[in-house]
Amino acid sequence: MKNRLETISDQLDDADLMRRTAAGDRKAFGVLVDRHHQRALNLAYRLSGDEDLARDIVQESFLRIFKAVDRYTPQGRFTTYLFTVVRNATIEFSRRRRRRREEPLRTSFDLDPIPGEIHHGVPGPEAPDVITANRELSDRLALALLSLGENLRAVFVLSELEGLSYAEIARICRIPEGTVASRKYAAIRQLRTILSPVRARL
Amino acid sequence: MNISCLFAKRRIVRLLDGELNPSARDALEIHLERCGRCSWARDEVKSVREIMRAIPRVHSSARDRAAILDAVSRDETDREERHFRTPGTGVFTRIDFVTAGALAVGAVLFVLVLTERGKARLPEGWVPSVTAYRTAEWHARQQGAGTEIKQGESQSVESPF
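About the cut-offs
Residues numbered from 1 in each chain as written. Chains lettered and ligands numbered in written order. Predicted model: local features only at pLDDT ≥ 70, side-chain atom pairs only at ≥ 80, totals over all residues. Heavy atoms only, no water. Helix = DSSP H or I, 4+ residues; strand = E, 2+ residues; numbered from the N terminus. Buried < 20%, exposed > 50% of the residue type's maximum accessible area, 1.4 Å probe, protein only. Contact = heavy atoms within 4.5 Å. Areas by Shrake-Rupley, 256 points an atom, 1.4 Å probe, with all protein chains shown as cover. Buried area = accessible area lost by both parts, 1.4 Å probe. Salt bridge = Lys/Arg side-chain N within 4 Å of Asp/Glu carboxyl O. Polar contact = N/O pair within 3.5 Å; in protein donor to acceptor, adjacent residues only side chain to side chain. Expected span 1.5 Å × (residues − 1). Bend = angle between axes of the 7 residues up to and from the residue. 1 Å grid on protein atoms, 1.4 Å probe; cavity = no way out; pocket = protein on both sides within 12 Å on 5 of 7 lines; lining within 4 Å. Points joined across faces, edges and corners; volume = space filled by probe spheres on them. Nonpolar A, V, L, I, M, F, W, Y, C, P; charged D, E, K, R; others polar. Arc of directions from axis to C-beta. Phe/Tyr/Trp six-rings, centres within 6.5 Å; stacked < 30°, edge-to-face > 60°. Lys NZ or Arg CZ within 6 Å of the ring centre and 35° of its normal.

Trainee: Report on the overall build of chain B, specifying residues and quantitative values.
Mentor: Each helix and strand counted, chain B has 7 helices and 0 strands in total. The order of helices and strands in chain B, counted from the N terminus, is α-α-α-α-α-α-α. Burial statistics for chain B: of 161 residues in total, 24% are counted as buried. Residue pairs in contact within chain B that sit at least 24 positions apart in sequence constitute 43% of those at least 6 positions apart. Only carbon and sulfur atoms are counted for the fraction: they give 55% of the accessible area of chain B, which is about 11,200 Å².

In structure tokens:
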């Protein structure tokens with residue numbers, strides 16, 4: 001059962017929680033983390049294609065937000081701000097990783113298993129071959145997404161998978177709204193080509 | 001308004017995302033009703049979007065969230081420590097006060113010791129003028145001369161330096 005403070009925090013909007021955090025209320029920041037961690041993690045995972053890296057990116061992003069809490073001015077939704085930080089952190093982490101010549105991010109459309117525990121939804125009472133086929137499909141989709149360039153991928157993920165408006169995406173990616181539309185169109189055209197073997201089998 | 005197929009295709013994604021204004025949307029919908037190729041293109045876009053929604057998700061755990069709050073807490077502690085180590089803030093200020101106080105006490109003691117040395121041991125001419133004046137005064141008092149020593153007399157003491 002939630003205590004009174006938690007109930008109050010749940011009722012507060014993100015801007016209020018940020019104000020409380022700036023005033024030294026760490027629990028308010030905890031509520032923000034609970035509220036947005038899932039979406040931030042999915043965004044980081046879809047942009048980077050690496051689950052462990054995504055967790056590091058999200059942790060770093062929340063830490064950056066906490067450090068800059070005094071400078072936060074609510075302009076639009078908090079998620080727009082969060083996603084901007086996550087996207088920037090993803091670009092930085094990916095570049096750092098490439099510079100260090102660590103294990104490269106998967107960018108080819110090969111069918112190899114995705115490491116780590118990736119949840120593909122509750123399997124249900126399906127036959128093992130159906131589960132395997134579903135897993136194979138979602139792996140292919142993940143790789144198809146990674147085969148897009150960084151800019152096209154960001155626009156596609158933010159629009160299609162996170163459901164943001166063009167105005168919000170434009171703010172996050174610092175591009176005009178018209179560019180958002182054209183990048184999304186380009187992304188879908190590329191995905192259509194990449195996914196044609198998959199679609200033929202469906 | 002009549003629109004070309006190229007124009008229509010480039011706006012299909014916007015139409016599906018609800019990002020077109022009403023007049024542009026109406027014009028595009030009329031075009032799509034009439035043009036088989038463009039309506040096929042719209043279905044293709046829809047199909048890709050639907051397939052991509054099956055992309056895997058990762059699930060956030062309580063451990064991840066706790067790790068973030070731990071990192072925040074560690075950062076806060078580090079920041080406090082850095083803050084206190086920075087000159088002019090926190091503990092450093094307190095240390096400054098302590099150091100300044102100790103230096104002041106040391107200086108007073110040094111002057112007192114110097115004065116005592118001046119009184120007791122230092123030969124005339126080896127001490128600063130004020131001390132020399134006081135030393136001379138002391139000697140005079142010891143000798144019971146009772147004569148007042150003027151400032152000028154002490155200034156006449158020559159320093160070997």
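Right, picking up where we left off after that structure.
Trainee: Could you give an account of the interface of chain B and chain A, with specific residues and numbers?
Mentor: The partner chain A presents 43 residues to the 33 residues of chain B that form the contact. Carbon and sulfur atoms supply 64% of the area buried between chain B and chain A, which totals about 3,800 Å² over both sides. When the buried surface of chain B facing chain A is broken down by residue, Met52, Pro56 and Val58 of chain B rank first, second and third, together holding 18% of it. Where chain B meets chain A, there are 7 salt bridges. As a salt-bridge pair, Asp34 of chain A and Arg65 of chain B come within 2.9 Å of each other at their nearest N and O atoms. Counting the contacts that link chain B with chain A gives 12 residue pairs in polar contact (both at pLDDT 80 or more). Where the side of chain B that touches chain A is concerned, the elements lending two or more residues are helix 1 (5–17), helix 3 (36–52) and helix 4 (62–85) of chain B.

Trainee: So, helix 1 of chain B: which residues are in play, and what are the values?
Mentor: Every α-helix winds through 3.6 residues per turn, so residues three or four apart in the chain are directed the same way. The end-to-end C-alpha separation of helix 1 of chain B is 19 Å, in line with the 18 Å expected for 13 residues at 1.5 Å each. Bending of helix 1 of chain B peaks at approximately 40° at the position of Arg11 of chain B. Every buried residue belonging to helix 1 of chain B is among Ala8, Ile12, Val13 and Leu15 of chain B, and all of these are buried. Turning to helix 1 of chain B, the residues buried within the fold contact helix 8 (166–173) and helix 9 (177–194) of chain A together with helix 2 (22–34) and helix 3 of chain B. Following helix 1 of chain B by one or two positions, Gly18 of chain B has its phi on the positive side, about 70°.

Trainee: How would you explain the side chain of Arg49 of chain B if you had to name every residue and give the values?
Mentor: Inspection of the secondary structure assignment puts Arg49 of chain B in helix 3. Engagement of the side chain of Arg49 of chain B in a polar contact is seen with the side chain of Glu160 of chain A, the distance being 3.3 Å.

Trainee: Please give an account of the side chain of His37 of chain A that cites residues and values.
Mentor: Along the chain, the position of His37 of chain A falls in helix 3 (residues 26–48). On the basis of relative accessible area, His37 of chain A is assigned to the buried category, the value being 2%. Within the structure, His37 of chain A has its side chain in polar contact with the side chain of Ser60 of chain B (distance 2.8 Å). Among all residues touching His37 of chain A, those that are not within four sequence positions of it are Val58 and Phe62 of chain A together with Ser60, Asp64, Arg65 and Ile68 of chain B.

Trainee: Can you lay out the layout of surface pockets for me, pointing to particular residues and giving the numbers?
Mentor: Here the idea is plain: a probe the size of a water molecule rolls over the atoms and shows the empty space left. All names here are of chain A. Put simply, the largest pocket is a space of about 290 Å³. Per-element accounting of the lining of the largest pocket gives the leading share, 5 residues, to helix 5 (residues 78–99). Residue composition of the lining of the largest pocket, by class: 4 nonpolar, 6 polar and 4 charged.

Trainee: Quick rundown of the environment of Ala144 of chain A? Include the residues and the values.
Mentor: Relative to the helices and strands, Ala144 of chain A resides in helix 6 (residues 128–146). Sequence separation between Ala144 of chain A and Arg192 of chain A is 48 residues, and the spatial gap between their C-alpha atoms is 9.6 Å.

Trainee: Describe helix 2 (residues 14–22) of chain A, with residues and values.
Mentor: All names here are of chain A. Turning to helix 2, its buried residues number three or more, namely Asp14, Ala15, Leu17, Met18 and Thr21. Buried residues of helix 2 fall within an arc of 160° about the axis and therefore sit on the same side. A positive backbone phi angle near 105° is found at Gly24, which sits one or two residues after helix 2.

Trainee: How would you summarise the packing of aromatic side chains if you had to cite specific residues and measurements?
Mentor: Within the structure shown, the criterion is met by 5 aromatic pairs over all chains. Aromatic side chains Phe29 of chain A and Phe62 of chain A sit 6.3 Å apart centroid to centroid with 85° between the ring planes, which places their arrangement in the edge-to-face category. Taken as a pair, Phe29 of chain A in helix 3 and Phe62 of chain A in helix 4 (residues 51–67) lie far apart in primary sequence, 33 residues in all. With respect to burial, Phe29 of chain A and Phe62 of chain A carry one shared label: buried. A centroid spacing of 4.9 Å and a plane angle of 45° characterise the contact between Tyr72 of chain A and Tyr81 of chain A, whose relative ring orientation is tilted. Overall, Tyr72 of chain A belongs to the buried group, its relative accessible area being 14%. One aromatic cluster in this structure is built from Phe29, Phe62 and Phe66 of chain A. Here Arg96 of chain A stacks its cationic end above the ring of Phe93 of chain A, 4.9 Å away from the centre of that ring. The aromatic ring of Phe7 of chain B is capped on one face by Arg11 of chain B, whose charged end is 3.7 Å from the ring centroid.

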